[in-house]
Amino acid sequence: MTTPFIFNSPPSIRFGDGLLNEIGPILSSDDHNSAFVVTDAGMMATGIVSKLITSLEGAGIRTGLYSDVVADPPERVVHAAVDSARVSKAKVIVGIGGGSSLDIAKLVALLVPGHQALRD
């Protein structure tokens, strides 16, 4: 017997030059006023994350940040990111970077509401 579940895909995926500058206006047009960014030190060093945060804040979106994602992250990284996201009270999670950052961002979005534990 299978466990029932619901799978929702994003309504749109956007890709292209310059779109990072548009993320703030995109989110604010959907009435989002807070976002939590999940990334790693390598992305922080590129300046790309600061452009993202500038776009968000320029659109009036309050931001939180977790930038301690590492490759093949242990559970402590997941828990630390979730705790930080809960403190920020953000309504939107934005992952930027490689696979580990995106995986942690997805877990943060799933776990922040507190309906299930990581082990589940």
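Quick look at the overall build of the chain
Here is step 1 of the chain: Scanning the chain from terminus to terminus reveals 5 helices and 3 strands.
Here is step 2 of the chain: Overall, the chain shows an N-to-C arrangement of helices and strands of α-β-α-α-β-α-β-α.
Here is step 3 of the chain: For the chain, the C-alpha radius of gyration of 15 Å lies close to 14 Å, the compact-globule estimate for 120 residues.
Here is step 4 of the chain: With 120 residues in all, the chain has 29% of them scored as buried.
Here is step 5 of the chain: Within the chain, counting contacts between residues at least 6 apart in sequence, those at least 24 apart form 77% of the total.
Here is step 6 of the chain: In the form shown here, the chain has an accessible surface area of approximately 7,900 Å², with 55% of it arising from carbon and sulfur atoms.
Here is step 7 of the chain: Within the chain, one finds 9 positive and 12 negative side-chain charges whose respective centroids are separated by 6 Å.

Focus on helix α5 (residues 99–111)
Here is step 1 of the chain: Helix length check: α5, at 13 residues, gives a terminal C-alpha distance of 18 Å against a target of 18 Å (1.5 Å per residue), a fit within 8%.
Here is step 2 of the chain: Buried within α5 are the following residues: S100, S101, I104, A105, V108 and L111. Along the axis of α5, the buried positions cluster into a sector of 140°, meaning they face one direction only.
Here is step 3 of the chain: Contacts from the buried residues of α5 go to β1 (34–40), β2 (62–69), α4 (75–88) and β3 (92–95).

Brief notes about the sheet that holds β2
Backbone-to-backbone hydrogen bonds join strands into a sheet, with any given pair of strands oriented parallel or antiparallel.
Here is step 1 of the chain: If you trace the 3 strands from one edge of the open sheet to the other, you get β2-β1-β3, paired in parallel fashion. Two strands bound the open sheet, and with one partner strand each, they are β2 and β3. With direction set aside, neighbouring strand axes in the sheet form an average angle of 20°.
Here is step 2 of the chain: Pairing between β1 and β3: 4 bridges, direction parallel. Residue pairing for β3: A35 is matched across the bridge by V92.
Here is step 3 of the chain: Lying over the sheet, helix α3 (residues 48–58) contacts β1, β2 and β3, oriented at roughly 180° with respect to β1.

Brief notes about the confidence of the model for the chain
Here is step 1 of the chain: Residues at a pLDDT of 70 or more form 98% of the chain, whose mean pLDDT is 92.
Here is step 2 of the chain: Across the chain, the secondary-structure element scoring lowest on mean pLDDT is helix α1 (residues 23–29), at 92, and the one scoring highest is β2, at 98.

Reading the values: rules and limits
Residues numbered from 1 in each chain as written. Predicted model: local features only at pLDDT ≥ 70, side-chain atom pairs only at ≥ 80, totals over all residues. Heavy atoms only, no water. Helix = DSSP H or I, 4+ residues; strand = E, 2+ residues; numbered from the N terminus. Rg over C-alpha atoms; globule rule 2.2 N^0.38 Å. Buried < 20%, exposed > 50% of the residue type's maximum accessible area, 1.4 Å probe, protein only. Contact = heavy atoms within 4.5 Å. Areas by Shrake-Rupley, 256 points an atom, 1.4 Å probe, with all protein chains shown as cover. Lys, Arg positive; Asp, Glu negative; His and termini not counted. Charge placed at Lys NZ, Arg CZ, Asp CG, Glu CD. Expected span 1.5 Å × (residues − 1). Arc of directions from axis to C-beta. Pairing = 2+ DSSP bridges. Axes fitted to C-alpha atoms, helices over the stretch in contact; angles between N-to-C directions. pLDDT = per-residue confidence, 0-100.

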